[in-house]
Every structure is written in structure tokens, then in C-alpha cells.
Amino acid sequence: MTAAPYNYSYIFKYIIIGDMGVGKSCLLHQFTEKKFMADCPHTIGVEFGTRIIEVSGQKIKLQIWDTAGQERFRAVTRSYYRGAAGALMVYDMTRRSTYNHLSSWLADAKSLTNPNTAIFLIGNKADLEDQRDVPYEEAKAFAEENGLTFLECSAKTGSNVEDAFLETAKQIYQNIQDGSLDLNAADTGVQPKQNLPRAAENNGKKDCNC
Amino acid sequence: MPTPIQQHNRKEEEGEEAARLGSVIWVENEIHSIVDDLSLRLGNLGDGWLESSQTSPKYFEFTPIELHAITERLRLPEPTAPVPDVNMVADIGNTIDFLHRVRALKIRGQKGYVGTSNIVWNSLDMSLYFCKGLKALWIADSDVCRINGIKSVRETLRRLVVHYSMKKIKDLLFDEEDLEAGLMVEEMGTWKCLEEVDLSFNEIKTFDESMKLLPEVRILNVSYNSITDIGSNLAFLSSLTELDLSNNTITRIESWNEKLGNVKKLILSENAIEDLTGLGKLYSLEYLDVKGNNIQTLEAVQGIGKLPCLEIILLRDNPIRKLVEYRTKVLELFGERSSEVVKLDGRRPEPRELDTVRVRMALRKAKEEKEERERRRRERIEERIRYISGEDVSPNVSGSF
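Residues numbered from 1 in each chain as written. Chains lettered and ligands numbered in written order. Predicted model: local features only at pLDDT ≥ 70, side-chain atom pairs only at ≥ 80, totals over all residues.

Chemist: Explain the overall build of chain B here, please?
Modeler: Scanning chain B from N- to C-terminus turns up 10 helices and 13 strands. The buried share of chain B, taken over its 401 residues, is 34%. For chain B, the proportion of contacts with a sequence separation of at least 24, taken over those separated by at least 6, is 53%. (Helix = DSSP H or I, 4+ residues; strand = E, 2+ residues; numbered from the N terminus. Buried ≥ 20, exposed ≤ 12 C-beta atoms within 10 Å, placed from the backbone. Contact = placed C-beta atoms within 7 Å.)

Chemist: Help me out: how do you make sense of the environment of G43 of chain B in this one?
Modeler: Residues and elements named next belong to chain B. Tracing the sequence through the fold places G43 in helix α1 (residues 4-55). Each C-alpha atom, one on G43 and one on I92, is 9.1 Å from the other, the two residues being 49 residues apart in sequence. Discounting residues that sit within four places of it in the chain, G43 has contacts with V89 and N94.

Chemist: Mind showing me how you'd approach the pairing of strand β6 (residues 149-152) of chain A here?
Modeler: Note on strand geometry: in a regular strand, side chains alternate between the two faces of the sheet. All names here are of chain A. Note that strand β5 (residues 118-124) and β6 share 4 bridges and pair parallel. Residue pairing across strands places I122 opposite L151, the latter belonging to β6. Since β5 and β6 lie parallel, the crossover through helix α5 (residues 136-145) that links them has a hand, and here it is right-handed. (Pairing = 2+ DSSP bridges. Right-handed = clockwise from strand over helix to strand, strands pointing away.)

Chemist: I tried to follow the pairing of strand β6 (residues 159-163) of chain B on my own but got confused; where do I start?
Modeler: Residue and element names in this part refer to chain B. A one-sided burial pattern is seen for β6, the buried positions being L160 and V162 and the unburied ones R159, V161 and H163. As judged from the 5 bridges shared by strand β4 (residues 136-140) and β6, these two strands associate in the parallel manner. Residue A140 lies in a different strand from β6, and its bridge partner there is H163. Bridging between β6 and strand β7 (residues 196-198) involves 3 bridges; their strand directions are parallel. If you follow R159 over to β7, its bridge partner there is E196.

Chemist: Sorry, what's going on with helix α10 (residues 351-388) of chain B here?
Modeler: Note: α-helices contain 3.6 residues per turn, so residues at a spacing of three or four share the same orientation. Residue and element names in this part refer to chain B. For α10, which comprises 38 residues, the first-to-last C-alpha distance of 55 Å matches the rise-based estimate of 56 Å (1.5 Å per residue) to within 8%. Little of α10 sits out of view: just 1 of its 38 residues are buried. Positive backbone phi, approximately 80°, marks G390, located one or two places after α10. (Expected span 1.5 Å × (residues − 1).)

As far as function goes, none of this settles anything; it's purely spatial.
And the structure:
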């Protein structure tokens, strides 16, 4: 975290969803830390990450909620959908079952987010081409059918990971610009930041100089 | 039928339990307002505070109630922002984001009850799980047993301060998940960046096996606790150079060279130590403070005279000070080194004292040499006698006398 990372115009809330073990936490880690996490433990409840990106010259902070894929956390996971500006729906392209469950994840996402939420489909583990279990064309067709943007990524090599997060942000930003996303509506998942005057820093009550 | 006293006791117990429950119920009701308020505030001010804390480091202070509310709120299957909050300015993401980035955190509880209520301050569990970049943690007037989720803090923390909050060190250093998984201490993750630990003003009695998790700690302050015996676990602090054990109840020092490693600065003031012989092989020692103990004789300090690096020694407020010519006698223990480096009770030896020491040393040397000459002369006489009486035929004894 270096010089003045704090001047941004919006906060976008993202969620990452998908079956257990598809690599959601690794995608988040790759995006926020630019590193691959080899022995990633199962997420309990929820993980969190942020990064500030730039879209069309505007700085935007992404607050990303990485949910647990395990069924037993479904109730908690569902509660994070509301007010998400972007949803990354992840499957593992070497495990067909994770792809087959997408319709259930998508149903959740459609019913629990608002109509403007940008939903992005990610086929993870693209580095394991020889173990591919889901053809690219098939997933592409599924995405088009359901109005999703689609990319195959690798959290391990980092390929396309950046793009998935940035493309989603571009879509959201575009929606704000063309007015299809009304910032005064409820649960848009976008927090506008009126660049606050410096005086706001002096919230003396909580400062402690010891 | 219970006696009035029994009744009274039971009433008190019930009262305590009710107070605990009372606090839990009260906080459960307030979780949302506490967290929403925090999130709103941190959304507005968090970035600015974090930015200014980078140029002038400072602690951000939370109460245990706030941390508890955040922890509990995350367990609830509820949306991240409160319902009528259109722009999500009170989204809990703001709070988590802040915890994620804050570098110095202070948790200040309070003993007893909250205000005039029956709510016990330190009965609330809290998790530090989302603190991913914490360098300094300060805990005061809380109960470390209530602090969980230290797994991420363990990766980044450099400085730890705990006052009035701890009975056993492992209550904080062990991760409850590791314990639940049945891990041995050797299998647990270490506090890999922790260098400075101040646990003064607690109720610590021993250095438990959690010391194995602190391989990088250089400075450890455990003053004002209840330590009688340091045990053998401090030896696991392989980077330790400064140890403050003042104001404890230590009475004996035994082979501390085996228990401490390469400590350079050792503060033992205000204990009940009588003898320093057990420090005699702690060759790394440069600074020794044993003020306010029960050291009475020159023999009790003799061992430290041979420590090759010792430069500063504080012996004030010990009965030994009543010895005639105390300073010169102690200085004399350091032999030749007394003139070079040693500073006793905050004062370098004066030339007059050094003269005394030198004269004494010369006298002693002369005496020793005289004794040695005398001893050799006797030996030769005895050998001669044996030779003459035909018991020995050594060719070396042809000398004259």
C-alpha cells in the first residue's frame, strides 16, 4: 500500500460463488496479492479482500466477499448476495459436477441480487488443460444463453484473473454511466465516495497516541 | 435448609451468571446498531485515519464490545448492509476493510460492570480473524481467553503489549483451532514476525510451552507478575537478548545459562534473590540489574566477576551494600577488567577506588607468589628427604639447597 491509495470515487461490492474446491479463495488471493496460494484451507463462513482498480480514469475500490462453497454454509453465503454489484460465479473446468451445479448457483444469484448485478462466469484451473472436463464452447453457450460474461482463468498462473475482475467493474461502471444503474435505488452494491474533506480525519474520540 | 451464608453465596453465583447472560443478551440486541454505526464511521473516516497513521503511527482503539459485535454480526446470515441503507454507507464491508488494513490495534476493556448495569465487560468473545496486516497489538483490562482468531495476526505481528489481562501466556498465543485439531505445540504455526513482547502487569506464574512459538522475540518484559521460577521454556526464545523480570517473586537462580541462551540485558530488580552464582556461566551478559534483592555476601556475587562481557551492574538496595568497602570489594571481583569497563550502581570506578583495587590485587598477587615459592621449596625439601632415605631415585633432585 503506497502513496495515496485512498482517493477513489466508488466502492463496488463483489461476491464470489461456486462449489467447494473450485478455487474461489485462490482467485481472490491471486487478484489482491498477485500470488498463488498453494495450500488454501476451506473457507469457513466468509473471506474478504479489497483492491483499488482504475476504470476509464476513475479509481474504484473493490470490496470482495469470498464465500464458502460448502453446502452447510449456504444460508450464510446467501446473505451476502444482497447489494452485490458484481458476482463472480466459478466452476472448475476439470470437474464437470461443479459445472453442472451452475444452474443452482445462478438461480440463487438471479433471485437474491438486483437485476443490474453484473454476473461473470469463470472456468477456473485453465492451466490443467489435459484434465479438461468441460469444453470451452459448451460453457460459452451456457453463458450466452443466460446473459453472462465468460472467461477461462487460472488462479495458479494468474492468466485472465485480472481481466475477470476488471471486466466486471467496467460493466458496472458502464451501467452507472448510461444510467441503467440508478445510484439512488436500493442495494446496487455501489457506494459513491464524495471525496471527503480532510477535516473528517480528526475524529479525536478514537485516536490514541500511545 | 441452607444457612444464610450459603444462601448468600448462591445468590452471588446466580448474580454472576445473570450478569454474564445479561451482558450477552444486551449485546445481542445491540449488535446491529454497534456494527452499523462503526461501519458508517469507518466508511467515512477509516481511509483518512489509516493514511495519517502511516506517517505518524498510532493505535486504533476498539472496545471488546465492538469487536464482539463485529464477530457475532458476521456469523448471522444477514446481508452486509442494513436494510434502509440505500447507498450501503453502513455496509459491514467498511469495517472489515478497515480491520484488514489497520496496522496497530488497541483493545481496551474495563474491569467490572458496564456503567451502572450488571453487564460484565470482559465476558464477551471476540475474533481478530480479519486483521490481516496487524503489526502492533495492545490489550489492556480485558481477558485474553476471550480473544480468538489469532491465526492471521500470528503471521504479521511485530509488537505485542498485554496489561491486566492475562493469567497464562498460552491463553493468547495458542490458536483455538489448532487446539481443537489436537495439534502438538511443535506442529503449530509460530509468531514469525513477533520481536517485542511486553506482558508486564499481569498474573503470569510460569513460562509455559507456548514459548516455543516465539523464535524471533528479542525483547521480553514480564515485570510485575507472579513468577517464582523461570522454568526451562525460555530457552526456546532463541533470539532473546533483553529480559525484564523485575518485580516478581524469584528467589533462586540455578544454571540460567542453560535456561536463557544469549541474553545480554537482564533485569531482576525487586525480587527476593540471595545468590547470583547461577548466572556465572551466562557469558553473553552485558547488563545486569539486581536492585532491591536480598544479596548479602561477597560470595553470592563472586560468580559474575568472571562474565567477560558484563559492563553494567546494579546492586543497589541489597544488604551487601553494608559491607565495609563494598564498592572496591565488588570491583575487585572483575580483576583486570575493573578498570576498563565495569560500571557499578551507575558509577564508573573512581581513580581512588581503582588504586585500592590495584593495591589489593598486587598484594594478593605478591601473597600468592610468596605462597607458591614456599610451596615449591617445601616440595623440594620433601623430595630430598625421600631421596636421602632411599625411597626415591629421581634424577631431577640433584639440585642444591
